[in-house]
Amino acid sequence: MRNSREIKTLVSDYERNLSSGQPFYMDASDLIDIMDYYMNRHADYDAETCLRIAKRLHPSHPEVIITQAYRLKEQGQWEAARQLVSTISDQTSSDVLLFNFEYYLSILHIDEAFHQLADVCEKPSQLSDYDLIYDAAEILTDYGHSEYAVVWLLHLPEDYPDRDAADRLLVENYLHLKENGKAQELLTKILDTNPYDECAWVQQAEVHYENKDYNEAIDSCDYALAIHPGSHEAVRLKTLSAAASALWTTAIEMGKQYMKSYPTDYTVPLTLAELLSQHGRHEEAIPFYEKAYRHIPHEGSVFSRLLSSLAHSYAAVSQPQRVLPTLTCASVAGATFAEIHLSAAAILFDERYDRMGVDTLHKIPLGTSLEEELVSITSLLCKYQCYDGAKELWHELIDMAEKKEFRNISPYLAVASCRLNYSSTQILSLLQQAFQADPVLTREMLHHIFPRLSAEEVFSLFGQKNES
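Fair warning: this is a prediction, and the values are worked out from it, not measured in the lab.

Chemist: Could you give me a rundown of the overall build of the protein chain, with the residues and numbers involved?
Modeler: Counting secondary structure elements, the protein chain contains 27 helices and zero strands. Compactness check: the protein chain gives a C-alpha radius of gyration of 32 Å against a globular reference of 23 Å for 468 residues, more than 25% above the reference. Put simply, the protein chain has 468 residues, and 47% of those count as buried. The contacts of the protein chain with a sequence gap of at least 6 include a subset with a gap of at least 24, amounting to 52%.

See the structure below:
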C-alpha cells in the first residue's frame, strides 16, 4: 500500500499527463489509487474522469470493473453493478465475493450472503482469507449486523497484521451491542500496548459517555486531541460530554469549534441546543437550533422535533410571534394545518401567551375539522383553563356540536358550559351527552370544578336551577 507522499506524486504525474493533452498510459492499480484520492476529497468530477480513463485503458481489468460496479452501487444501480461484476473472469476472487456478500445483505438474504464466503471462512488458511474475513466484518458492521461481525472478528488470529484495526472494529461492535464491559476490557489492552492510539482514546471516551461518566469522557477526549488536535470525533464527544455535565462554557466553545470544521453536521448543534434548552438556557440554545435547521433533512421525526424545540425556545425568550411561522415549516414533513396550529397553541399556552394561543386555535376551520382535531382543540383549552379568554371559540364549538354528532368532545363542552355560566338547560343537555360519550372522563373533569360534589349531585344542582 502506498503512503500519502507516494500517492501525491502519482496524482501530480497523472494531472501533468492530463493537462498535456497528449495520449498517455498508466497502470490500472495506479489509476484506481488516484481515483480513491479524488473520492476521499469529494472531487467527484475528477474521480469520474479518472475512472473513464481507466475504463478506456483497461476495459477488462478486474479492479477497474469492480470500482465501476461500486460507483453504480452508490448511485442505487445494484442490478447494473451486478451485471458488470458477472463479467469478471474469476468469480472466486475476494473482490467479487465481497461484492456479492454485500449485495445479499442489502436485500436481507443473510444466509445467501454467508454462503458466498462459506468456503473461505470455515477453513481460512492464508493471510488473504483473514483479510476477507476482516473486510466482511466491516460490511456487517455497516449494515448493523454487529453480533455476526463480533463472531467473525473473533476468528482472526492474535498475530493478524491488522490486529489494531480489528480490535477497534471489535470495540465499535461491542458498543453497538451495549456490551460496554467487553469494550472497556479490550480498550484497556489496546491502550496499554499503544497509549498514542487516538482512535482508541475516542472509543474510550464513547464508553465513558455511554456510561454517563462525563468527566472521564472529557479526559479521554483531551488525550485524543493531544495526539490529533483535529480529531472531529473527539471534539464532538467533548462537546456533548461537557454539555451533559453542564460545563456550558466548554460545551459552547467546543460546539462552535466542531461546527466550524464540520458545518453540515446538524447532530452536534441539535443535541447541544436540546441540552441547553432543557436547562432553561434558551437564549444560548437558539443559535445552535438555527444552525441545525439549515442542514438537517427537512423530513422525519427529528426535523419535527427540532422545529418544536426551536419554537418553544422562541416563546421562552419573549418571541412568541415566531412560534407559528417556525412550526409551519413542518408542513414539508407532512404535518397538517390543524396539527401545526395545535402544536403552536400548546407552546404558547405553556409559556402563558394565552391570547395568542386562543387566536392560533381560532385559525383552524372548525366546520371542516375531523372529530379528533376538535377533541385536541377542546382538551387543550381545558388543560390550560382557557374559558373566559376563549368565549367566542367555545360558543362556536358548542353551536357546532348541536349540528354535528361529535360525541367525543362532549365532556369538554360540558365542562366549558359550567365554567362559562351557560343556562342550566344547556348545561344539563351537554352533561347528558358527556356521560353517554365518556362517563369516566366526565366524572374526572367535573371533580376538578366541583371537588365536593358527586356527578349525581352536580346533575341535581343544575336540575334544581333549571326548575327554578
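Chemist: Could you give me a rundown of the packing of helix H3 (residues 44-57) against helix H4 (residues 62-74), with the residues and numbers involved?
Modeler: Look at H3 against H4: their axes get within 10 Å of each other, and the N-to-C directions meet at 145°. Here H3 and H4 pass one another in a crossing that is left-handed. Of the residues in H4, those touching H3 at Asp44, Ala47, Glu48, Leu51, Ala54 and Lys55 are Val64, Thr67, Gln68 and Arg71. Its residues assigned to classes, the contact of H3 with H4 comprises four nonpolar, two polar and four charged.

Chemist: So, helix H18 (residues 300-316): which residues are in play, and what are the values?
Modeler: For H18, which comprises 17 residues, the first-to-last C-alpha distance of 25 Å matches the rise-based estimate of 24 Å (1.5 Å per residue) to within 8%. Looking at the buried side of H18, the elements it contacts are helix H16 (267-278), helix H17 (282-295), helix H19 (323-328) and helix H20 (337-350). The positive-phi residue at the C-terminal boundary of H18 is Ser318, with phi of around 65°.

Chemist: If you had to explain the pattern of salt bridges to someone new, which residues and values would you point to?
Modeler: This structure, assessed with the given rule, holds 17 salt bridges. With a shortest N-O distance of 3.5 Å, Lys189 and Asp167 are connected by a salt bridge. Taken as a pair, Lys189 in helix H11 (residues 180-193) and Asp167 in helix H10 (residues 163-176) lie far apart in primary sequence, 22 residues in all. Residue Asp167 is classed as buried on the basis of its relative accessible area, which comes to 3%. One network of salt bridges, with partners in common, ties together Glu158, Arg163, Asp167 and Lys189.

Chemist: Mind laying out the nonpolar core, listing which residues take part and the relevant values?
Modeler: With 62 residues, the main nonpolar core has Phe101, Leu117, Tyr134, Trp152, Leu153 and Leu156 as its most contacted residues. Excluding residues that lie within four positions of it along the chain, Leu117 makes contacts with Leu97, Phe101, Leu132, Ala136 and Trp152. Core analysis: the second largest hydrophobic core is formed by 46 residues, Cys386, Met400, Leu413 and Val415 among them.

Chemist: Help me get a handle on the side chain of His58, residues and values and all.
Modeler: Position of His58 relative to the elements: it lies in the loop between H3 and H4. Setting aside anything within four residues of it in sequence, one finds His58 in contact with Tyr25, Met26, Asp27, Ala28, Leu31 and Val64.

Rules and cut-offs
Residues numbered from 1 in each chain as written. Predicted model: local features only at pLDDT ≥ 70, side-chain atom pairs only at ≥ 80, totals over all residues. Heavy atoms only, no water. Helix = DSSP H or I, 4+ residues; strand = E, 2+ residues; numbered from the N terminus. Rg over C-alpha atoms; globule rule 2.2 N^0.38 Å. Buried < 20%, exposed > 50% of the residue type's maximum accessible area, 1.4 Å probe, protein only. Contact = heavy atoms within 4.5 Å. Axes fitted to C-alpha atoms, helices over the stretch in contact; angles between N-to-C directions. Left-handed = near helix turned anticlockwise from the far one by under 90°. Nonpolar A, V, L, I, M, F, W, Y, C, P; charged D, E, K, R; others polar. Expected span 1.5 Å × (residues − 1). Salt bridge = Lys/Arg side-chain N within 4 Å of Asp/Glu carboxyl O. Core = buried A, V, L, I, M, F, W, Y, C linked by side-chain atoms within 4.5 Å.

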